[in-house]
Amino acid sequence: MSTVREAKFGDLKDLLELYLFLHETSIPNEDARLKETWEKIMNDPNYHLIVNEIDGKLVSSCTCLIVPNLTHDVHPYAFVENVVTAEDYRGKGYATQCLDYARDLAKKEGCYKIMLMTGSKKETTLRFYENAGYNKESKTAFYQAL
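Residues numbered from 1 in each chain as written. Predicted model: local features only at pLDDT ≥ 70, side-chain atom pairs only at ≥ 80, totals over all residues. Heavy atoms only, no water.

S.K.: Before we move on, could you go through the overall build of the protein and cite the residues and values that matter?
M.R.: Along the backbone of the protein there are 4 helices and 5 strands. Starting at the N terminus and ending at the C terminus, the protein contains elements arranged as β-α-α-β-β-β-α-β-α. Relative to a compact globule of 146 residues, whose C-alpha radius of gyration would be 15 Å, the protein shows 15 Å and is just as compact. By principal-axis analysis of the C-alpha atoms, the protein measures approximately 40 × 35 × 35 Å. Counting all 146 residues of the protein, 35% fall into the buried class. Carbon and sulfur atoms provide 51% of the accessible area of the protein, an area that totals close to 9,800 Å². Positive and negative side-chain charges in the protein, numbering 18 and 22 respectively, have mean positions lying 4 Å apart. (Helix = DSSP H or I, 4+ residues; strand = E, 2+ residues; numbered from the N terminus. Rg over C-alpha atoms; globule rule 2.2 N^0.38 Å. Buried < 20%, exposed > 50% of the residue type's maximum accessible area, 1.4 Å probe, protein only. Areas by Shrake-Rupley, 256 points an atom, 1.4 Å probe, with all protein chains shown as cover. Lys, Arg positive; Asp, Glu negative; His and termini not counted. Charge placed at Lys NZ, Arg CZ, Asp CG, Glu CD.)

Right, dumping it as structure tokens:
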């Protein structure tokens with residue numbers, strides 16, 4: 001049985017290992033920059049790092065950012081990023097559970113919408129997001145690398 005929850009300070013190492021299934025090729029050095037970034041993430045009330053855990057192992061995760069907003073009657077919106085599942089656990093609904101948690105969190109925070117972007121062009125990935133309730137037809141996303 002899996003448990004979906006928000007990440008804790010002690011999850012950093014396991015989370016970095018999980019990101020190797022996303023697009024990372026190595027785990028970053030444990031230096032001051034990494035520690036400072038982790039502390040910022042963990043202390044930001046609008047940054048929600050959602051994990052799915054089985055028997056103490058992180059198997060899936062996503063990030064949900066709540067963005068304060070001055071439009072739409074001053075309702076925030078949510079943005080989902082870094083959706084990942086360890087290879088051996090894919091196709092079992094663990095990422096969907098993370099996305100459901102993010103959606104419920106966004107509703108609780110009064111968000112008027114939740115968005116995500118993917119760089120994947122694979123039909124299975126796009127279908128996964130559509131099955132999770134995301135609509136690729138209503139918005140156009142643009143990307144600029146910095």
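Now, onward.
S.K.: I'd like a rundown of the packing of aromatic side chains, residues and numbers included.
M.R.: Applying the stated criterion across every chain yields a total of 3 aromatic pairs. Each ring, one from F128 and one from Y129, has its centre 5.1 Å from the other, and the planes form 55°; the classification is tilted. Relative accessible area serves as the criterion here: at 10%, Y129 is assigned to the buried category. Lying over the aromatic face of Y77, K113 brings its terminal NZ or CZ to 5.5 Å of the ring centre. (Phe/Tyr/Trp six-rings, centres within 6.5 Å; stacked < 30°, edge-to-face > 60°. Lys NZ or Arg CZ within 6 Å of the ring centre and 35° of its normal.)

S.K.: An account of the pattern of salt bridges is requested, with residue identities and associated values reported.
M.R.: Overall, the coordinates contain 8 salt bridges when judged by the stated rule. E17 is the salt-bridge partner of K13, the closest N and O atoms lying 3.1 Å from each other. Within this pair, K13 and its partner E17 are both found in helix α1 (residues 12–18), separated by 4 residues, close to a single helical turn. K13 sits in the exposed class, given a relative accessible area of 56%. The network of salt bridges with shared partners includes R5, D11 and E53. (Salt bridge = Lys/Arg side-chain N within 4 Å of Asp/Glu carboxyl O.)

S.K.: Would you mind going over unusual backbone geometry in detail, with residue names and values included?
M.R.: For H72, which is not a glycine, the phi torsion comes out positive at approximately 50°. Relative to the helices and strands, H72 resides in the loop between β3 (57–67) and β4 (77–85). One non-glycine residue, V74, lies in positive phi territory at about 60°. The class of V74 is exposed, set by a relative accessible area of 56%.

S.K.: How would you summarise the pairing of β3 if you had to cite specific residues and measurements?
M.R.: Burial of β3 is extensive: 8 of the 11 residues sit out of reach of the surface. As judged from the 8 bridges shared by strand β2 (residues 47–54) and β3, these two strands associate in the antiparallel manner. Its bridge partner lying in β3, H48 is registered against C64. The loop that links β2 with its antiparallel partner β3 comprises 2 residues; one of these, D55, has a positive phi angle of about 50°. (Pairing = 2+ DSSP bridges.)

S.K.: Describe the nonpolar core, with residues and values.
M.R.: Among the nonpolar cores identified, the biggest contains 18 residues, and C62, C64, V80, V83, L99 and Y134 are the most heavily contacted of them. The set of elements that each furnish at least two residues to this core consists of β3, β4 and α3 (94–108). Ignoring any residue separated from it by four or fewer positions in sequence, one finds L99 in contact with C62, V80, V83, L116, F128, Y129, A132 and Y134. In terms of nonpolar packing, the next biggest core, distinct from the first, is built from 14 residues, Y19, L34, L58 and A86 among them. (Core = buried A, V, L, I, M, F, W, Y, C linked by side-chain atoms within 4.5 Å. Contact = heavy atoms within 4.5 Å.)

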